[in-house]
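# An overview of the molecular structure
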Amino acid sequence: MSFEDALRRVLHEQCGIEVTIGALLHIDRTSDHDEYVFVAHLVDHGDLRRSCDGRSGIPAPNGCFWDAIELTLAAIHAANFMPEGIGALFAGHLRHGRPPWTLSDVRSRGL
């Protein structure tokens, strides 16, 4: 199963949302668990008032955490994207009239 398939399944099962998984934007290599940052575009928003485990702000045991951001420059700048630089990447793309789900995947850049 691919990362994208696993993420789509987890978000559906634990958050009740349907998403299209876009580009892999960043990989944070750690000694224990690598962190992968993907763009996810909502197909069916379900109930975004709950986090993946049904309690606001608490990640599920598998590390999944959902944070929906409105697709506006103000919302993107106000969000605390981690790692730093992801918000600027989204905002720059949006300023040029392109939605974030059209960003290129880091795997296509040979990184």
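Residue positions are given per chain, counted from 1 along the sequence in the order it is written. Since the coordinates come from a predicted model, pLDDT governs what is reported: local features require at least 70, and pairs of side-chain atoms require 80 or more to be given and counted, while whole-chain, interface and lining totals use all residues. The side-chain numbers reported here are obtained from all heavy atoms of the structure, hydrogens and water having been left aside.

## Some words on the nonpolar core
In this text, buried Ala, Val, Leu, Ile, Met, Phe, Trp, Tyr and Cys residues form a nonpolar core when linked through side-chain atoms within 4.5 Å. A 1.4 Å probe rolled over the protein chains alone gives each residue an accessible area, and that area as a share of the maximum for its type sets the label: buried under 20%, exposed over 50%, partly exposed in between. Core analysis: the biggest nonpolar cluster contains 10 residues, these being Ala23, Leu25, Val39, Ile76, Ala79, Phe81, Ile86, Phe90, Ala91 and Leu103. Numbering goes from the N terminus for both helices and strands, where a helix is a DSSP run of H or I of at least four residues and a strand is a run of E of at least two. Broken down by secondary-structure element, the contributors of at least two residues to this core are strand 1 (18-28) and helix 3 (86-95). The biggest single contributor to this core is helix 3, with 3 residues.

## Considering the pattern of salt bridges
A side-chain nitrogen of Lys or Arg and a carboxyl oxygen of Asp or Glu constitute a salt bridge if their distance falls within 4 Å. Taken as a whole, this structure holds 5 salt bridges when the rule is applied. Between Arg29 and Asp34 there is a salt bridge, with the nearest N and O atoms lying 3.1 Å from each other. Residue Asp34 is classed as partly exposed on the basis of its relative accessible area of 33%. The closest approach of N and O atoms between Asp105 and Arg107, which form a salt bridge, is 2.7 Å. Given the relative accessible area of 40%, Arg107 is considered partly exposed.

## Considerations on the confidence of the model for the chain
For every residue, the predictor assigns a confidence score, pLDDT, that lies between 0 and 100. Per-residue confidence for the chain gives a mean pLDDT of 76, with 76% of residues at or over 70. Within the chain, no element has a lower average pLDDT than strand 2 (residues 35-44), which sits at 79, and none a higher one than helix 3, at 88. The contact criterion used is simple: two residues touch if any of their non-hydrogen atoms lie within 4.5 Å. Every residue in residues 49-55 is under pLDDT 50, and counting partners more than four places away or in other chains gives 18 contacts.

## Considering the side chain of Glu4
On the secondary structure map, Glu4 appears in helix 1 (residues 3-15). The buried category is assigned to Glu4, whose relative accessible area is 17%. Ignoring sequence-local partners within four residues, the contact set of Glu4 consists of Ile21, Phe38 and Arg107.

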